[in-house]
Amino acid sequence: MNILFLGPPGSGKGTQAKQLAEKLSLQHLSTGDAFREAIGNKTPLGVEIKSYVDSGRLVPDELVSRVVFEKIQQSGKSASFLLDGYPRTVDQAKALDDFAKHEKMALDAILLFDVPATDLIKRLTARRQCPKCKEVFNLVTRPPKVKDTCDACSTPLMQRADDQESVIKERLDIYERQTAPIIDFYKGRPGFHKINAAQSVEKVFSDMVEALKGK
Ligand code: AMP
């Protein structure tokens, strides 16, 4: 089963994706994590995209799609994917449809994470991430057991450069202008489900599992 996660920054896609991928044995493909890793390792890709990611702007469509398709192709035919943070524009969604058709890859479920805009800024400014294992915490809703330290691997937590308040506003604006139109692109499809992501992590997870039943 292949699944797409759609939703604004801060809607909890990353947290849920990690858990769902583990439960269903899917490969979790987060374009944001892949880009941050490339930036951290100063690879040619990382150098090329750093200014986009740090300022909250979208990386050009062709480049993102190439990275995603290469990762899918490298994993072989039998792998199933959870795409988290891709597609993010209508052109990316069209490129994914073309790729999926060519590779005979089904897009079985498309889950839209729905959260009121007012909650998103609060969630994003309180977000902290482990740079090593990528575990995500929230100072309000999911604080680490030891201050500023990852529960899983004890690495000091970091705030993402693009989680500063000035950049967050830009990212939410970009979401509305460039990403939200893909909701209409996918809305009529059989696997499309809107998930109320303003609920607890556990309730969002069980709603997702319910939505995926029979897929
Ligand atoms: P995320 O961790 O999903 O919030 O992504 C962090 C940043 O990576 C975004 O603000 C963009 O700069 C870049 N990015 C991630 N996914 C995409 C995508 N599908 N298209 C363009 N840029 C992306």
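Residues numbered from 1 in each chain as written. Predicted model: local features only at pLDDT ≥ 70, side-chain atom pairs only at ≥ 80, totals over all residues. Heavy atoms only, no water.

(A) Fine view of the layout of surface pockets. The space that makes up the second largest pocket amounts to roughly 390 Å³. In this structure, the second largest pocket is lined by 17 residues; those nearest its centre are Arg36, Pro131, Met158, Arg160 and Ala161. Ranked by the residues each element gives to the lining of the second largest pocket, the list is headed by helix α2 (residues 31-40), at 5 residues. In the lining of the second largest pocket, the residues fall into 6 nonpolar, 3 polar and 8 charged. (1 Å grid on protein atoms, 1.4 Å probe; cavity = no way out; pocket = protein on both sides within 12 Å on 5 of 7 lines; lining within 4 Å. Points joined across faces, edges and corners; volume = space filled by probe spheres on them. Helix = DSSP H or I, 4+ residues; strand = E, 2+ residues; numbered from the N terminus. Nonpolar A, V, L, I, M, F, W, Y, C, P; charged D, E, K, R; others polar.)

(B) Expanded view of unusual backbone geometry. Tyr86 connects to Pro87 through a cis peptide bond whose omega is 0 degrees. By the element assignment, Pro87 lies in the loop between β3 (81-84) and α5 (90-103). Of note in this structure, Lys42 is not a glycine but carries a positive phi near 50 degrees. Here Lys42 shows up in the loop between α2 and α3 (44-55). Of note in this structure, Lys104 is not a glycine but carries a positive phi near 55 degrees. In this structure, Lys104 sits in the loop between α5 and β4 (109-114).

(C) Structural context of the nonpolar core. Among the nonpolar cores identified, the biggest contains 32 residues, and Ile72, Leu83, Leu96 and Tyr186 are the most heavily contacted of them. Put simply, the parts of the chain that give this core at least two residues each are β1 (3-6), α2, α3, α4 (61-74), β3, α5, β4 and α8 (181-186). With 6 residues, α4 is the largest single contributor of residues to this core. Ignoring anything within four residues of it in the chain, the contact list for Ile72 reads Leu29, Phe81, Leu83, Phe99 and Met105. Counting residues in each nonpolar core, the second largest holds 22 residues, with Ala21, Leu26, Leu82 and Ala211 among its members. (Core = buried A, V, L, I, M, F, W, Y, C linked by side-chain atoms within 4.5 Å. Buried < 20%, exposed > 50% of the residue type's maximum accessible area, 1.4 Å probe, protein only. Contact = heavy atoms within 4.5 Å.)

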